[in-house]
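Structural features, examined
The chain contents come next:
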2 protein chains.
Amino acid sequence: MTELIRSKIRTIPDWPKKGIMFRDVTTLLNDKEGYKHLVSLLVERYKDMQIDIVAGIEARGFITGAVLAEKLGVGFVPIRKKGKLPGETVSEEYALEYGTDSIEVHKDSVKKGEKVLLVDDLIATGGTCLAAANLMNKLGADIVECSFIVDLPDLGGKKKLLEAGYKAYNIVEFEGD
Amino acid sequence: MTELIRSKIRTIPDWPKKGIMFRDVTTLLNDKEGYKHLVSLLVERYKDMQIDIVAGIEARGFITGAVLAEKLGVGFVPIRKKGKLPGETVSEEYALEYGTDSIEVHKDSVKKGEKVLLVDDLIATGGTCLAAANLMNKLGADIVECSFIVDLPDLGGKKKLLEAGYKAYNIVEFEGD
């Protein structure tokens, strides 16, 4: 099943800039068989973990995150770029190649002690996901795992999450070519 | 069921600017009962319409769009802001309060004649959704319906879609206060 999922992910060379092999999950999501397999694999992993809520990171993390929440029978929390959420938020900064950016979540989106599954499509350097995990921690949530379709191990993001004490899972990985 | 859904949507006055009553669906998505009812109501509506693919408009349209695609057993297509999609795209401009913006979709995301369900969380002035529908038309898709959780009828977006020959559906509506 993992090989099927891997085969549906398209690689776009030199995007968004020269030298980057972009792993594009839109071709996987577009394919009904691939999409079905992806979801069933994730549900199988998380169905018995007593997840209370699923949080997805803007924007591609909304896709599998929302589906997983529905399949697990729980609610969904969007973690968004700065200035996109209308209610009272908490925010967390993360480093970009040049400068910093920040992400936010509604303060009332999780309750203290709730078991949160954190979802994104891909982990690269891990900056955004680490900030998202720290954000959930600030709210007192218990992060069960950070879940990705794709890991790019050369960029060290998963290692960074593990070193910070979080669990991390991915279905496939792609080495740099 | 509609009343339950309506009751879970939070109104935030004066956001993003003074005089706007922002209808925030995050409180609905966060609530497991509300979320379940939302999804079952949408699935009930679309399950027999022979939808081939579901397209969601960035970013909140990814949430219900992705869930609906999974429930209907079809693929999901993201319609994104300019510069976010790595493959070959087609784009469509739409007017903002000042100036214009554009949205894009991958050229190979739908096949000619495919029946597409177009999803967003809310329709206000309808500019983005009309552009998204026109984009899908450019690719030869057959738009079954544009589907929203919330319509703000005072802003005329749904009327605009209907006048352009598209079908439109929403679960709840909020008049200006």
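For the structure, see preceding data.
Scope of this entry: the structure provided in the associated data block.

The rules behind these values
Residues numbered from 1 in each chain as written. Chains lettered and ligands numbered in written order. Predicted model: local features only at pLDDT ≥ 70, side-chain atom pairs only at ≥ 80, totals over all residues. Heavy atoms only, no water. Buried < 20%, exposed > 50% of the residue type's maximum accessible area, 1.4 Å probe, protein only. Helix = DSSP H or I, 4+ residues; strand = E, 2+ residues; numbered from the N terminus. Pairing = 2+ DSSP bridges. Axes fitted to C-alpha atoms, helices over the stretch in contact; angles between N-to-C directions. Parallel < 35°, antiparallel > 145°, perpendicular 65-115°, else oblique. Left-handed = near helix turned anticlockwise from the far one by under 90°. Contact = heavy atoms within 4.5 Å. Expected span 1.5 Å × (residues − 1).

Residues and elements named next belong to chain A. Of all the 5 residues making up strand β7 (residues 115–119), 4 are buried; the element is thus mostly covered by neighbouring parts of the structure. Relative to β7, strand β3 (residues 53–57) runs parallel, the two sharing 4 bridges. Counterpart to Val54 in the pairing with β7 is Leu117. Where β7 and strand β9 (residues 142–151) come together, 5 bridges link them in parallel fashion.

Attention now moves to the packing of helix α4 (residues 61–72) of chain A against helix α4 (residues 61–72) of chain B. Pairs of packed helices are described in terms of their axes, by the angle between the two and the distance that separates them. Two numbers describe how α4(A) lies on α4(B): the axes approach to 8 Å, and their chain directions differ by 60°. On the basis of the axis angle, α4(A) is oblique to α4(B). By crossing handedness, the relation of α4(A) to α4(B) is classed as right-handed. The segment α4(A) lies against α4(B), with A:Phe62, A:Ile63, A:Ala66, A:Val67, A:Glu70 and A:Lys71 engaging B:Phe62, B:Ile63, B:Ala66, B:Val67, B:Glu70 and B:Lys71.

What follows concerns α4(A). Residue and element names in this part refer to chain A. Its 12 residues place the ends of α4 16 Å apart at the C-alpha level, agreeing with the 16 Å of an ideal helix rising 1.5 Å per residue. Buried residues dominate α4, accounting for 11 of its 12 residues. Among all positions in α4, only Gly61, Phe62, Ile63, Thr64, Gly65, Ala66, Val67, Leu68, Ala69, Glu70 and Leu72 are buried. At the exit of α4 stands Gly73, carrying a positive phi of roughly 75°.

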